[in-house]
Amino acid sequence: MNRRVRTDGGDVYLVEVSPAELNVLDEDVRKYVCDCGIEILEVILVREQGEGATKKNVLNEMVTYIADVFASHKNAIIYYLCDDMLEIPSRNKKGKNSVLSVQEYRSRLFSCMFTSYVNDHCVKGVHDTCVRIDGVGYSQFLHLVARDEHMAIVKKLKEDVFSGFGK
Amino acid sequence: MTAMRNPIVIKDPAGTLTKKLRDLHERKRERMEKLRNVEVSQTVYLKV
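Read on for an overview of the structure. (Residues numbered from 1 in each chain as written. Chains lettered and ligands numbered in written order. Predicted model: local features only at pLDDT ≥ 70, side-chain atom pairs only at ≥ 80, totals over all residues. Heavy atoms only, no water.)

Quick look at the nonpolar core
Working step 1: In this structure, Val 17, Met 62, Ile 78 and Val 145 of chain A are the most contacted members of the largest nonpolar core, which totals 30 residues.
Working step 2: Among the elements of the structure, β2 (12-19), β3 (39-49), α2 (56-72), β4 (76-81), α3 (102-120), β5 (126-135) and β6 (138-147) of chain A together with β2 (43-46) of chain B are those that each provide at least two residues to this core.
Working step 3: For this core, the element with the highest residue contribution is α2 of chain A, accounting for 9 residues.
Working step 4: Setting aside residues up to four positions removed in sequence, Ile 78 of chain A forms contacts with Val 17, Leu 41, Val 43, Ile 66, Phe 70, His 143, Leu 144 and Val 145 of chain A.
Working step 5: Within the second largest apolar cluster, 24 residues are counted, among which are Leu 81, Val 131, Ala 146 and Ile 153 of chain A. (Core = buried A, V, L, I, M, F, W, Y, C linked by side-chain atoms within 4.5 Å. Buried < 20%, exposed > 50% of the residue type's maximum accessible area, 1.4 Å probe, protein only. Helix = DSSP H or I, 4+ residues; strand = E, 2+ residues; numbered from the N terminus. Contact = heavy atoms within 4.5 Å.)

Section: the side chain of Asp 83 of chain A
Working step 1: As for its position among the elements, Asp 83 of chain A is in the loop between β4 and α3.
Working step 2: Residues within four places of Asp 83 of chain A in sequence aside, it is in contact with Val 102, Gln 103 and Arg 106 of chain A together with His 25, Lys 28 and Met 32 of chain B.

A closer look at the state of the cysteines
All names here are of chain A.
Working step 1: Tallying each qualifying case throughout the model produces 0 disulfides over all chains.
Working step 2: No disulfide involves Cys 122; its sulfur sits 19 Å from the nearest other cysteine sulfur, which is in Cys 112.
Working step 3: Relative accessible area serves as the criterion here: at 59%, Cys 122 is assigned to the exposed category.
Working step 4: Cys 130 forms no disulfide, and the closest cysteine sulfur to it belongs to Cys 82, at a distance of 6.7 Å.
Working step 5: Classification of Cys 130 by relative accessible area gives buried; the value is 0%. (Disulfide = S-S within 2.5 Å.)

Some thoughts on the pairing of strand β1 (residues 2-7) of chain A
Working step 1: For β1 of chain A, the tally of buried residues reaches 5 of 6 residues, placing the bulk of the element in the interior.
Working step 2: Here β1 of chain A runs beside β2 of chain A; their pairing, made up of 5 bridges, is antiparallel. Among the inter-strand pairings, Arg 4 of chain A is bridged to a residue of β2 of chain A, identified as Leu 14 of chain A.
Working step 3: With antiparallel pairing between neighbouring strands as the criterion, β1 of chain A and β2 of chain A make up a hairpin whose turn holds 4 residues, including Gly 10 of chain A at a positive phi of roughly 95°.
Working step 4: Relative to β2 of chain B, β1 of chain A is paired through 4 bridges, and the arrangement is parallel. For Arg 6 of chain A, the partnering residue across the bridge sits in β2 of chain B and is Tyr 45 of chain B. (Pairing = 2+ DSSP bridges.)

Things to note about the environment of Arg 3 of chain A
Working step 1: When you line up the elements, Arg 3 of chain A lands in strand β1.
Working step 2: Between the alpha carbons of Arg 3 of chain A and Glu 16 of chain A there is a distance of 6.7 Å; along the sequence they are 13 residues apart.
Working step 3: The residues contacting Arg 3 of chain A, other than those within four sequence positions of it, are Tyr 13, Leu 14, Val 15, Glu 61 and Tyr 65 of chain A together with Gln 42 and Val 44 of chain B.

Here's the deal with α3 of chain A
Working step 1: For α3 of chain A, built from 19 residues, the straight-helix expectation of 27 Å at 1.5 Å per residue is met to within 8% by its first-to-last C-alpha distance of 27 Å.
Working step 2: Looking one or two residues beyond α3 of chain A, the residue adopting positive phi is Cys 122 of chain A, at roughly 50°. (Expected span 1.5 Å × (residues − 1).)

Some remarks on the packing of aromatic side chains
Residue and element names in this part refer to chain A.
Working step 1: Summed over the entire model, instances satisfying the criterion amount to 1 aromatic pair over all chains.
Working step 2: For the pair Tyr 80 and Phe 110, a centre-to-centre distance of 5.0 Å together with 10° between the ring planes defines the contact as stacked. Within this pair, whereas Tyr 80 is found in strand β4, its partner Phe 110 is found in helix α3, the two being separated by 30 residues in sequence. Neither Tyr 80 nor Phe 110 differs from the other in exposure class; each is buried.
Working step 3: Note that Lys 156 overlies the ring of Tyr 32, its terminal NZ or CZ placed 5.1 Å from the centroid. (Phe/Tyr/Trp six-rings, centres within 6.5 Å; stacked < 30°, edge-to-face > 60°. Lys NZ or Arg CZ within 6 Å of the ring centre and 35° of its normal.)

Laid out in structure tokens, this is it:
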């Protein structure tokens with residue numbers, strides 16, 4: 001499932017929401033997820049053209065698309081891995097947030113867009129869980145968006161990360 | 001609705017997760033490359 005967003009400023013983005021590869025998970029967790037009938041859908045955002053700052057209406061369009069896919073998949077959990085690929089043209093490089101890594105910037109932006117969407121649309125019973133992994137000299141961020149009834153699965157997934165993805 | 005902006009923090013001083021995370025990023029990078037200029041059924045045009 002994907003959608004392309006083109007702006008009159010020449011920027012082109014692609015939003016892809018598709019089944020995540022679960023191979024990284026522990027076998028028991030994978031089986032548990034499958035037995036529960038859960039689809040884990042990974043969000044991938046790609047800038048295909050342009051270097052303009054990403055405007056609010058573009059972000060809103062992308063979030064709305066992701067939300068539409070989520071709404072139409074009642075057994076879905078959305079997964080977003082904050083990557084460090086490509087710079088962020090709109091990033092504030094002078095203010096207090098200038099020290100944020102690209103991953104953390106994307107993570108904060110994801111949380112902001114989630115909060116903004118659920119507030120604007122009065123969404124209830126959906127949660128954004130942010131996981132930060134602090135390794136040696138780096139921090140990685142990932143998000144899991146799930147409904148109330150699927151929070152037990154989110155807990156299992158978190159535990160699997162805690163335990164080193166089954167090693 | 002809740003947004004946990006206070007992230008759940010997993011400390012990985014021994015680097016146990018490093019390889020797995022690198023694999024996840026590598027797979028994502030490959031998928032992103034494949035997606036570039038892919039045919040899509042829906043294109044939205046926005047004025048910015």
